Amino acid sequence: MKVLVATEKPFAKAAVDGIRKILEKENYEMALLEKESDPQKLYDAVTDADALIVRSDKVTKEVIAHAKQLKIVVRAGAGFDNLDLEACSARGIVAMNTPGQNSNAVAELSLGMMVYMARNQFTPGTGTELKGKTLGIQAYGNVGRLVANLAKSFGMNVLAFDPFVSAEKMKEEGVTPVGDLNELYKSSNYVSLHIPANEQTKKSINYKLLSQMPQGACLVNTARKEVIDEEDLAKILEERSDFKYITDIAPDSVAVLKEKFGNRIFATAKKMGAQTAEANLNAGLAAANQIVDFLKNGNERFRVNK
Ligand code: 3PG
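Rules used in this analysis
Residues numbered from 1 in each chain as written. Predicted model: local features only at pLDDT ≥ 70, side-chain atom pairs only at ≥ 80, totals over all residues. Heavy atoms only, no water. Near = heavy atom within 4 Å. Polar contact = N/O pair within 3.5 Å; in protein donor to acceptor, adjacent residues only side chain to side chain. Areas by Shrake-Rupley, 256 points an atom, 1.4 Å probe, with all protein chains shown as cover. Nonpolar A, V, L, I, M, F, W, Y, C, P; charged D, E, K, R; others polar. Domains from an automatic or database assignment. Contact = heavy atoms within 4.5 Å. Buried area = accessible area lost by both parts, 1.4 Å probe. Salt bridge = Lys/Arg side-chain N within 4 Å of Asp/Glu carboxyl O.

1. With respect to the site of the ligand
The local shell around the ligand consists of Lys9, Arg55, Ser56, Arg75, Gly77, Ala78, Gly79, Asn102, Arg224, Lys271 and Ala274. Between the ligand and Arg75 there is a distance of 3.0 Å, counted from an oxygen atom to a side-chain nitrogen or oxygen. One of the backbone nitrogen or oxygen atoms of Gly79 is found 2.8 Å away from an oxygen atom of the ligand. When the ligand is considered free in solution it has 320 Å² of accessible area, and contact with the protein chains removes 94% of it. A class-by-class count of the residues in the shell around the ligand yields 2 nonpolar, 4 polar and 5 charged.

2. What about the domain arrangement of the protein chain?
How big an interface is tends to be stated in terms of accessible area lost as the parts join. With domains assigned, the protein chain is organised as domain 1 (2-101 + 275-297) and domain 2 (103-267). Relative to domain 2, the C-alpha centre of domain 1 lies at a distance of 30 Å. Taken together, the contacts link 8 residues of domain 1 with 5 residues of domain 2. Together, the buried faces of domain 1 and domain 2 total about 480 Å²; carbon and sulfur atoms form 43% of this surface. Where domain 1 touches domain 2, the interface holds 1 salt bridge. Between Asp81 and Arg224 there is a salt bridge, with its nearest N and O atoms 3.1 Å apart. One can count 2 residue pairs in polar contact (both at pLDDT 80 or more) joining domain 1 with domain 2. Within the side of domain 1 that touches domain 2, the residues separate by chemical class into 2 nonpolar, 4 polar and 2 charged.

Now the structure itself:
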């Protein structure tokens, strides 16, 4: 069996070594394609692979067409909007993610960026504290719950909106459930996004929601750039000199936004929510173990396609 690890944004060395160890124990061969953004290189590398591990790397129908022997693809991470699930299903290829494995890294970054922005990006001058402010969490999943915990230890009031999680569960965990998205935005000084990018959520963070946030509001996006309506974001930043946006996934219009709105915008140079040694190790090893468990035992837990 041959497993290709194709990560344009490389895993930490410890993660690559750990993946190799798991695979070699099974006498599987591992191939590594790192820091490569040319799709042709991926097409060539995937031709004889039985399994594929990726991060945010796009597994398009072209990739699938080149992957003549592929049986399983695992997205080492949570969001699988980079996988063409239809193309996988059409060929009987199992697609999986590794939910929860990199959540802590993303949650820490969300809070870290909030502090950074509250302190004027560490420039001189008087900033503000998170204590006593209200944080609205949009989607109370693996990351949202960890963000809630960290925020509570900062002394923030935490609200959450998630139609798929019961109000009781949120209350048990010390979080105030809100039944309506408008209410979440209206009541929160900070809103932290933890929704996936799909047909329902794309461009769903729009002017109507953002304009309801109170004075000094800050939107925190460690989810996906596609969920933001960028024109609406620019509009609110234009209209309100108090409004701030922080993200680890730069909007397409980041250069224009930065030029116009200066330090009210912060975007990391590269998507980096999950970019810690620990998250790489957790997600990478989980991906390798899931592949072994599927190829040996047919275990399809964490499958995301039909
Ligand atoms: C995820 O969906 O798991 C995160 O966004 C991490 O993505 P990355 O592997 O590209 O850093």
